[in-house]
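Each chain is listed here by its residues.
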Amino acid sequence: MREKTFHVYVDSHDRSLLLQSLVELKNLLIQQGRYTDCVDELIFKVINAPLKKIKTIVGGKDE
């Protein structure tokens, strides 16, 4: 059985917010003396994720 993969599309603001949250979580785990391997992998994936331009339509007009 194949694993399900998910694709998340975020704008630059959401991407920076996501990275800041992951770094805060990593710092919290370090303070507690716990492993940060999973968080490190997520940070790496977010930083190295390819950028894809998507055309959005708001209110019937192209942006």
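Definitions and limits used
Residues numbered from 1 in each chain as written. Predicted model: local features only at pLDDT ≥ 70, side-chain atom pairs only at ≥ 80, totals over all residues. Heavy atoms only, no water. Helix = DSSP H or I, 4+ residues; strand = E, 2+ residues; numbered from the N terminus. Expected span 1.5 Å × (residues − 1). Buried < 20%, exposed > 50% of the residue type's maximum accessible area, 1.4 Å probe, protein only. Arc of directions from axis to C-beta. Contact = heavy atoms within 4.5 Å.

Participant: Even after reading the chapter, I still don't get helix H1 (residues 12-31), so can you show me in this structure?
Facilitator: In an α-helix, one turn spans 3.6 residues, which is why side chains three or four residues apart end up on the same side. Between its first and last C-alpha atoms H1 spans 29 Å; for 20 residues at 1.5 Å apiece the expected length is 28 Å, and the two agree. Those residues of H1 that sit buried are Leu19, Leu22 and Leu29. Burial along H1 is one-sided: seen end-on, the buried residues are contained in an arc of 85 degrees. In H1, those exposed residues whose orientation departs by more than 90 degrees from the buried face are His13, Glu24 and Gln31. Residues of H1 that are buried sit in contact with helix H2 (37-47). Positive phi appears at Gly33, one or two residues downstream of H1, with a value of about 75 degrees.

Participant: Can you help me understand the environment of Lys52 in this one?
Facilitator: Note that Lys52 resides in the loop between H2 and strand E1 (57-58). Considering only alpha carbons, one finds Lys52 and Asp11, 41 residues apart in sequence, at a separation of 9.8 Å.

Participant: Where do I start with H2 in this structure?
Facilitator: For H2, the full list of buried residues reads Val39, Ile43 and Val46. Down the axis of H2, the buried set is contained in an arc of 65 degrees. They therefore lie on one face. Among the exposed residues of H2, those pointing more than 90 degrees away from its buried face are Cys38, Glu41, Phe44 and Lys45.

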